[in-house]
Amino acid sequence: MFFSLKKKLMGKAIAKRNQEHPFDFAYAEQYALDAAAAPVVNNSYYFSAHDEHLSFFARLGKRTSLEETWFALYMDGKLYSLKQEFFPVGQAPVKVEHKDGNWTVSYEGILNEEDKICFRGTFAARQAPIDFTSHMPAERMATGMANEKWSKAFFAELQTISGQCHYEQEGTLEGSFTLNGKTVAFSLPCVRDHSFGKRDWNYMNNHLWLMAVSAPVQFNYSLVSYPALSVLEVGNYRDTAGQHYLLQADLDLRQVAQGTVPGELTFHARLDNLRSIPVRAKVLAGVTYHFQEGQYILHENIAEFTIDGKTCRGILEIGFNQDGKRYFNRRNLTEIRR
(Lines give C-alpha, C1' and ligand atoms only; values in the text may rest on other atoms or scores of the structure.)
Protein backbone atom coordinates (compact mmCIF):
# COMPACT_ATOMS: atom_id res chain seq x y z
CA MET A 1 0.00 0.00 0.00
CA PHE A 2 2.77 2.44 0.97
CA PHE A 3 4.66 1.65 -2.26
CA SER A 4 1.57 2.40 -4.37
CA LEU A 5 0.98 5.70 -2.58
CA LYS A 6 4.59 6.82 -3.03
CA LYS A 7 4.50 5.84 -6.71
CA LYS A 8 1.25 7.76 -7.27
CA LEU A 9 2.54 10.89 -5.52
CA MET A 10 5.83 10.92 -7.38
CA GLY A 11 4.17 10.09 -10.71
CA LYS A 12 2.00 13.20 -10.47
CA ALA A 13 4.93 15.39 -9.43
CA ILE A 14 7.19 14.11 -12.21
CA ALA A 15 4.49 14.45 -14.87
CA LYS A 16 3.89 18.04 -13.76
CA ARG A 17 7.61 18.83 -13.87
CA ASN A 18 7.98 17.32 -17.34
CA GLN A 19 5.06 19.37 -18.61
CA GLU A 20 6.47 22.57 -17.16
CA HIS A 21 9.99 21.88 -18.44
CA PRO A 22 9.71 20.35 -21.91
CA PHE A 23 12.74 19.05 -23.77
CA ASP A 24 14.58 21.83 -25.62
CA PHE A 25 15.89 20.03 -28.70
CA ALA A 26 17.37 23.14 -30.33
CA TYR A 27 19.40 23.97 -27.22
CA ALA A 28 20.58 20.37 -26.82
CA GLU A 29 21.73 20.13 -30.42
CA GLN A 30 23.91 23.23 -30.03
CA TYR A 31 25.36 22.35 -26.60
CA ALA A 32 29.13 22.73 -26.32
CA LEU A 33 31.38 21.89 -23.39
CA ASP A 34 32.49 24.93 -21.39
CA ALA A 35 36.28 25.16 -21.22
CA ALA A 36 35.98 25.85 -17.48
CA ALA A 37 33.76 22.82 -16.80
CA ALA A 38 34.80 20.34 -14.12
CA PRO A 39 36.32 17.05 -15.39
CA VAL A 40 33.19 15.19 -14.26
CA VAL A 41 31.09 17.07 -16.85
CA ASN A 42 30.65 15.16 -20.10
CA ASN A 43 29.46 15.92 -23.63
CA SER A 44 29.05 12.59 -25.39
CA TYR A 45 28.12 11.73 -28.98
CA TYR A 46 27.32 8.14 -29.95
CA PHE A 47 26.27 6.50 -33.22
CA SER A 48 25.14 2.89 -33.63
CA ALA A 49 24.18 1.59 -37.09
CA HIS A 50 23.29 -1.91 -38.24
CA ASP A 51 21.90 -4.21 -40.87
CA GLU A 52 22.15 -7.99 -41.29
CA HIS A 53 25.62 -7.76 -42.83
CA LEU A 54 27.34 -4.79 -41.21
CA SER A 55 27.41 -3.24 -37.73
CA PHE A 56 29.11 -0.07 -36.58
CA PHE A 57 29.36 2.01 -33.44
CA ALA A 58 31.40 5.04 -32.41
CA ARG A 59 31.48 7.33 -29.41
CA LEU A 60 33.24 10.61 -28.63
CA GLY A 61 32.94 11.59 -24.98
CA LYS A 62 34.35 15.09 -24.53
CA ARG A 63 35.63 16.27 -21.15
CA THR A 64 37.92 19.12 -20.22
CA SER A 65 40.55 16.59 -19.04
CA LEU A 66 40.46 14.02 -21.89
CA GLU A 67 38.34 12.50 -24.66
CA GLU A 68 36.78 9.03 -24.34
CA THR A 69 36.90 7.45 -27.79
CA TRP A 70 35.28 4.35 -29.34
CA PHE A 71 35.17 3.09 -32.90
CA ALA A 72 34.21 -0.43 -33.99
CA LEU A 73 33.10 -2.20 -37.16
CA TYR A 74 31.76 -5.75 -37.41
CA MET A 75 31.79 -7.21 -40.92
CA ASP A 76 31.90 -10.76 -42.31
CA GLY A 77 32.09 -12.16 -38.79
CA LYS A 78 35.19 -10.12 -37.84
CA LEU A 79 35.37 -7.28 -35.34
CA TYR A 80 37.61 -4.29 -36.06
CA SER A 81 38.07 -1.80 -33.23
CA LEU A 82 40.14 1.17 -32.10
CA LYS A 83 42.35 -0.06 -29.27
CA GLN A 84 43.23 3.25 -27.60
CA GLU A 85 40.40 4.38 -25.31
CA PHE A 86 41.50 7.89 -24.30
CA PHE A 87 43.10 10.85 -26.06
CA PRO A 88 44.23 14.33 -24.99
CA VAL A 89 41.64 17.07 -25.48
CA GLY A 90 41.23 17.87 -29.16
CA GLN A 91 43.30 14.89 -30.34
CA ALA A 92 40.71 12.12 -30.63
CA PRO A 93 40.82 10.60 -34.14
CA VAL A 94 37.03 10.08 -34.10
CA LYS A 95 35.48 13.33 -35.32
CA VAL A 96 31.86 14.43 -34.90
CA GLU A 97 30.68 17.45 -36.88
CA HIS A 98 27.36 19.31 -36.83
CA LYS A 99 26.68 21.46 -39.86
CA ASP A 100 23.43 22.68 -41.44
CA GLY A 101 21.41 20.36 -39.21
CA ASN A 102 23.38 17.25 -40.19
CA TRP A 103 25.67 15.13 -38.04
CA THR A 104 28.74 13.48 -39.54
CA VAL A 105 31.03 10.95 -37.84
CA SER A 106 34.45 10.13 -39.30
CA TYR A 107 37.63 8.27 -38.46
CA GLU A 108 40.89 7.63 -40.27
CA GLY A 109 43.52 5.40 -38.70
CA ILE A 110 44.27 1.90 -37.47
CA LEU A 111 41.85 -0.69 -36.12
CA ASN A 112 42.95 -3.82 -34.25
CA GLU A 113 46.72 -3.98 -34.73
CA GLU A 114 47.23 -3.06 -38.39
CA ASP A 115 43.92 -2.73 -40.25
CA LYS A 116 43.76 0.64 -41.99
CA ILE A 117 40.42 2.40 -42.38
CA CYS A 118 39.06 5.69 -43.62
CA PHE A 119 35.41 6.08 -42.58
CA ARG A 120 32.83 8.83 -43.04
CA GLY A 121 29.08 8.68 -42.49
CA THR A 122 26.35 11.32 -42.28
CA PHE A 123 23.22 10.91 -40.17
CA ALA A 124 19.79 11.83 -41.53
CA ALA A 125 16.93 11.83 -38.99
CA ARG A 126 13.87 9.66 -39.67
CA GLN A 127 12.07 10.00 -36.33
CA ALA A 128 11.58 12.68 -33.70
CA PRO A 129 14.13 12.75 -30.85
CA ILE A 130 13.31 10.94 -27.60
CA ASP A 131 14.39 12.58 -24.35
CA PHE A 132 15.02 10.08 -21.54
CA THR A 133 13.59 12.48 -18.95
CA SER A 134 10.52 14.21 -20.34
CA HIS A 135 9.29 11.71 -22.94
CA MET A 136 9.35 8.56 -20.81
CA PRO A 137 6.23 7.71 -18.76
CA ALA A 138 6.45 9.43 -15.37
CA GLU A 139 5.59 6.17 -13.64
CA ARG A 140 8.97 4.69 -14.58
CA MET A 141 10.96 7.16 -12.47
CA ALA A 142 8.20 7.11 -9.85
CA THR A 143 8.50 3.33 -9.56
CA GLY A 144 12.25 3.55 -9.02
CA MET A 145 11.80 6.18 -6.33
CA ALA A 146 8.98 4.32 -4.60
CA ASN A 147 11.31 1.33 -4.09
CA GLU A 148 13.59 3.40 -1.85
CA LYS A 149 13.29 4.57 1.74
CA TRP A 150 12.38 8.24 1.71
CA SER A 151 14.26 10.76 3.82
CA LYS A 152 15.89 14.16 3.45
CA ALA A 153 19.14 12.35 2.69
CA PHE A 154 17.46 10.31 -0.06
CA PHE A 155 16.08 13.37 -1.87
CA ALA A 156 19.39 15.18 -1.49
CA GLU A 157 21.18 12.16 -2.98
CA LEU A 158 18.84 12.19 -5.96
CA GLN A 159 20.36 15.51 -6.99
CA THR A 160 23.53 13.59 -7.81
CA ILE A 161 21.85 12.01 -10.83
CA SER A 162 19.77 14.99 -11.92
CA GLY A 163 20.80 17.62 -14.40
CA GLN A 164 22.03 15.37 -17.19
CA CYS A 165 20.37 15.61 -20.59
CA HIS A 166 20.19 12.35 -22.55
CA TYR A 167 18.30 11.88 -25.80
CA GLU A 168 18.29 9.61 -28.84
CA GLN A 169 17.11 9.89 -32.42
CA GLU A 170 16.51 7.24 -35.06
CA GLY A 171 17.63 7.76 -38.64
CA THR A 172 19.91 6.55 -41.40
CA LEU A 173 23.69 6.70 -41.52
CA GLU A 174 24.98 6.96 -45.09
CA GLY A 175 28.54 7.06 -46.36
CA SER A 176 31.47 4.84 -47.18
CA PHE A 177 34.67 3.44 -45.75
CA THR A 178 37.85 2.03 -47.17
CA LEU A 179 39.21 -0.88 -45.13
CA ASN A 180 42.60 -2.30 -46.14
CA GLY A 181 42.15 -0.94 -49.64
CA LYS A 182 38.57 -2.17 -50.17
CA THR A 183 35.86 0.50 -50.38
CA VAL A 184 32.36 -0.20 -49.09
CA ALA A 185 29.37 2.13 -49.44
CA PHE A 186 26.65 1.86 -46.80
CA SER A 187 23.20 3.11 -45.86
CA LEU A 188 22.35 1.76 -42.41
CA PRO A 189 19.48 2.15 -39.94
CA CYS A 190 21.04 4.13 -37.11
CA VAL A 191 20.41 5.50 -33.63
CA ARG A 192 22.21 8.69 -32.66
CA ASP A 193 22.67 9.33 -28.93
CA HIS A 194 23.68 12.62 -27.30
CA SER A 195 24.12 13.21 -23.58
CA PHE A 196 25.67 16.03 -21.62
CA GLY A 197 26.06 17.13 -18.03
CA LYS A 198 27.61 15.49 -14.98
CA ARG A 199 28.63 11.87 -15.54
CA ASP A 200 30.70 10.25 -12.80
CA TRP A 201 31.18 6.65 -13.93
CA ASN A 202 32.10 5.59 -10.41
CA TYR A 203 28.72 6.74 -9.13
CA MET A 204 27.02 4.02 -11.16
CA ASN A 205 26.57 0.57 -9.61
CA ASN A 206 25.78 -1.24 -12.86
CA HIS A 207 23.70 -0.80 -15.99
CA LEU A 208 22.28 -2.51 -19.07
CA TRP A 209 21.33 -0.98 -22.40
CA LEU A 210 19.67 -2.92 -25.19
CA MET A 211 19.17 -1.16 -28.51
CA ALA A 212 18.06 -2.68 -31.79
CA VAL A 213 17.34 -0.91 -35.05
CA SER A 214 16.13 -1.79 -38.54
CA ALA A 215 13.82 -0.23 -41.10
CA PRO A 216 10.72 -1.97 -39.65
CA VAL A 217 11.47 -1.53 -35.92
CA GLN A 218 13.54 0.25 -33.31
CA PHE A 219 13.78 -0.89 -29.68
CA ASN A 220 15.39 0.49 -26.55
CA TYR A 221 15.55 -0.89 -23.01
CA SER A 222 17.66 0.97 -20.45
CA LEU A 223 18.32 -0.23 -16.91
CA VAL A 224 20.58 1.57 -14.45
CA SER A 225 21.40 1.31 -10.75
CA TYR A 226 22.78 4.14 -8.61
CA PRO A 227 23.42 4.39 -4.87
CA ALA A 228 20.38 6.69 -4.71
CA LEU A 229 18.17 4.57 -6.96
CA SER A 230 18.56 0.80 -6.96
CA VAL A 231 16.65 0.13 -10.20
CA LEU A 232 15.46 2.50 -12.92
CA GLU A 233 14.02 1.08 -16.16
CA VAL A 234 12.84 2.96 -19.24
CA GLY A 235 12.43 2.14 -22.91
CA ASN A 236 10.61 2.56 -26.19
CA TYR A 237 9.56 0.54 -29.25
CA ARG A 238 8.79 1.83 -32.72
CA ASP A 239 7.16 -0.21 -35.47
CA THR A 240 4.63 0.48 -38.24
CA ALA A 241 2.04 1.23 -35.54
CA GLY A 242 4.10 4.15 -34.26
CA GLN A 243 6.19 4.97 -31.18
CA HIS A 244 5.31 3.48 -27.80
CA TYR A 245 6.99 3.56 -24.41
CA LEU A 246 7.90 0.90 -21.87
CA LEU A 247 5.66 0.47 -18.85
CA GLN A 248 7.23 -2.71 -17.47
CA ALA A 249 9.77 -5.44 -18.25
CA ASP A 250 10.08 -8.91 -16.75
CA LEU A 251 13.82 -9.31 -17.31
CA ASP A 252 15.35 -11.44 -14.54
CA LEU A 253 17.67 -8.94 -12.89
CA ARG A 254 19.84 -11.75 -11.54
CA GLN A 255 21.04 -12.39 -15.10
CA VAL A 256 22.69 -8.99 -15.22
CA ALA A 257 24.06 -8.91 -11.66
CA GLN A 258 26.95 -11.33 -12.11
CA GLY A 259 29.63 -8.92 -13.26
CA THR A 260 29.91 -10.72 -16.60
CA VAL A 261 28.43 -10.33 -20.07
CA PRO A 262 25.35 -12.55 -20.55
CA GLY A 263 25.55 -14.44 -23.83
CA GLU A 264 21.80 -14.18 -24.30
CA LEU A 265 18.84 -12.42 -22.69
CA THR A 266 15.12 -13.05 -23.11
CA PHE A 267 12.18 -11.19 -21.57
CA HIS A 268 8.88 -9.46 -22.33
CA ALA A 269 8.35 -5.71 -22.55
CA ARG A 270 4.90 -4.27 -21.81
CA LEU A 271 4.17 -1.04 -23.66
CA ASP A 272 1.86 1.90 -23.05
CA ASN A 273 -0.58 0.56 -25.66
CA LEU A 274 -0.80 -2.56 -23.41
CA ARG A 275 0.97 -4.79 -25.92
CA SER A 276 3.49 -7.28 -24.51
CA ILE A 277 6.31 -8.01 -26.92
CA PRO A 278 8.92 -10.79 -26.60
CA VAL A 279 12.57 -9.72 -26.79
CA ARG A 280 15.63 -11.89 -27.34
CA ALA A 281 19.21 -10.61 -27.59
CA LYS A 282 22.26 -12.74 -28.42
CA VAL A 283 25.83 -11.38 -28.27
CA LEU A 284 27.92 -11.64 -31.45
CA ALA A 285 31.10 -9.73 -30.56
CA GLY A 286 32.19 -6.94 -28.25
CA VAL A 287 34.75 -4.48 -26.91
CA THR A 288 35.53 -3.73 -23.26
CA TYR A 289 36.13 -0.16 -22.06
CA HIS A 290 37.60 1.05 -18.76
CA PHE A 291 36.58 4.34 -17.16
CA GLN A 292 38.17 6.44 -14.44
CA GLU A 293 41.21 4.21 -13.97
CA GLY A 294 39.13 1.04 -13.95
CA GLN A 295 36.50 2.18 -11.48
CA TYR A 296 33.80 1.29 -14.01
CA ILE A 297 34.02 -1.40 -16.71
CA LEU A 298 31.72 -1.23 -19.72
CA HIS A 299 31.21 -3.96 -22.35
CA GLU A 300 29.86 -2.75 -25.69
CA ASN A 301 28.55 -5.76 -27.58
CA ILE A 302 27.05 -6.10 -31.03
CA ALA A 303 24.03 -8.38 -30.74
CA GLU A 304 21.40 -10.10 -32.82
CA PHE A 305 17.82 -9.43 -31.72
CA THR A 306 14.46 -11.02 -32.26
CA ILE A 307 11.77 -8.54 -31.20
CA ASP A 308 8.09 -9.35 -31.59
CA GLY A 309 9.06 -11.90 -34.23
CA LYS A 310 11.27 -9.48 -36.20
CA THR A 311 15.03 -10.08 -36.52
CA CYS A 312 17.53 -7.22 -36.47
CA ARG A 313 20.83 -6.17 -35.00
CA GLY A 314 21.88 -3.73 -32.35
CA ILE A 315 23.76 -3.32 -29.09
CA LEU A 316 23.87 -5.17 -25.78
CA GLU A 317 25.78 -2.80 -23.53
CA ILE A 318 26.43 -3.77 -19.93
CA GLY A 319 28.60 -2.17 -17.27
CA PHE A 320 29.74 -2.83 -13.71
CA ASN A 321 31.40 -0.90 -10.92
CA GLN A 322 34.75 -2.38 -9.88
CA ASP A 323 33.17 -2.95 -6.46
CA GLY A 324 31.02 -6.02 -7.09
CA LYS A 325 29.25 -5.54 -3.78
CA ARG A 326 27.49 -2.47 -5.20
CA TYR A 327 25.40 -4.16 -7.90
CA PHE A 328 21.78 -3.07 -7.38
CA ASN A 329 22.85 -1.83 -3.92
CA ARG A 330 22.86 -5.48 -2.79
CA ARG A 331 19.08 -5.42 -2.73
CA ASN A 332 17.00 -8.61 -2.77
CA LEU A 333 16.12 -8.44 -6.45
CA THR A 334 13.01 -10.59 -6.14
CA GLU A 335 11.52 -8.05 -3.72
CA ILE A 336 11.98 -4.95 -5.88
CA ARG A 337 8.68 -3.71 -7.26
CA ARG A 338 8.80 -3.01 -10.98
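So, here is what we can say about the structure in this document. (Residues numbered from 1 in each chain as written. Predicted model: local features only at pLDDT ≥ 70, side-chain atom pairs only at ≥ 80, totals over all residues. Heavy atoms only, no water.)

**A closer look at the overall build of the chain**
And step 1. Looking only at helices and strands, the chain has four helices and 19 strands in total.
And step 2. Taking 20 Å as the expected radius of gyration for a compact globule of 338 residues, we find that the chain reaches 19 Å, a close match to that expectation.
And step 3. Residue burial in the chain is summarised as follows: out of 338 residues, 54% are buried.
And step 4. Long-range contacts, defined as pairs at least 24 residues apart, comprise 60% of the intrachain contacts of the chain with a sequence gap of at least 6.
And step 5. For the chain, the exposed area adds up to about 15200 Å²; of that, 51% sits on carbon and sulfur atoms. (Helix = DSSP H or I, 4+ residues; strand = E, 2+ residues; numbered from the N terminus. Rg over C-alpha atoms; globule rule 2.2 N^0.38 Å. Buried < 20%, exposed > 50% of the residue type's maximum accessible area, 1.4 Å probe, protein only. Contact = heavy atoms within 4.5 Å. Areas by Shrake-Rupley, 256 points an atom, 1.4 Å probe, with all protein chains shown as cover.)

**Considerations on helix α1 (residues 2-20)**
And step 1. With 19 residues, α1 should reach 27 Å at 1.5 Å per residue; the first-to-last C-alpha distance of 27 Å fits that figure.
And step 2. Buried residues of α1: F3, K6, M10, G11, I14 and N18, and no others. With its buried residues spanning 135° around the axis, α1 presents them on a single face. Structural note: α1 exposes K8, K12, K16 and Q19 on the side pointing more than 90 degrees away from its buried face.
And step 3. On its buried side, α1 packs onto α3 (138-146). (Expected span 1.5 Å × (residues − 1). Arc of directions from axis to C-beta.)

**Considerations on the sheet that holds strand β13 (residues 218-225)**
Backbone hydrogen bonds are what pair the strands of a sheet, in a parallel or an antiparallel way.
And step 1. Read once around its circumference, the closed barrel built from eight strands follows the order β12-β13-β14-β15-β16-β17-β18-β19, with strand pairing classed as antiparallel. Strand after strand, the sheet turns through a mean of 30° between neighbouring axes, direction not considered.
And step 2. The sheet contact formed by strand β15 (residues 242-249) and strand β16 (residues 264-271) spans three bridges and is antiparallel. Bridge pairing in β16 links Q248 to R270.
And step 3. Its contacts with the sheet put α3 on β14 (232-239) and β15, and the angle it makes with β14 is roughly 160°. (Pairing = 2+ DSSP bridges. Axes fitted to C-alpha atoms, helices over the stretch in contact; angles between N-to-C directions.)

**Side note on the layout of surface pockets**
Leftover empty space is mapped by rolling, across the atoms, a probe with the size of a water molecule.
And step 1. What the second largest pocket holds in volume is close to 180 Å³.
And step 2. Lining the second largest pocket are 13 residues, and of these Y31, A32, N43, Y45 and K62 sit closest to its centre.
And step 3. Listed by contribution, the elements that provide at least two residues to the lining of the second largest pocket are α2 (25-30), β1 (41-50) and β6 (95-99). (1 Å grid on protein atoms, 1.4 Å probe; cavity = no way out; pocket = protein on both sides within 12 Å on 5 of 7 lines; lining within 4 Å. Points joined across faces, edges and corners; volume = space filled by probe spheres on them.)

**Some thoughts on the nonpolar core**
And step 1. In terms of nonpolar packing, the biggest core is built from 33 residues, with F57, W70, L79, M145, Y289, F291 and I315 touching the most fellow members.
And step 2. Of all the elements in the fold, those that place two or more residues in this core are α1, β3 (67-75), α3, α4 (152-158), β12 (206-213), β17 (276-291) and β18 (296-307).
And step 3. Element by element, the count of residues in this core is highest for β17, at four residues.
And step 4. When residues no more than four places from it in sequence are discounted, the contact partners of M145 are M10, I14, W150, F154, F155, L158 and L229.
And step 5. Membership of the second largest hydrophobic core comes to 32 residues, among which are A249, I277, A303 and I336. (Core = buried A, V, L, I, M, F, W, Y, C linked by side-chain atoms within 4.5 Å.)

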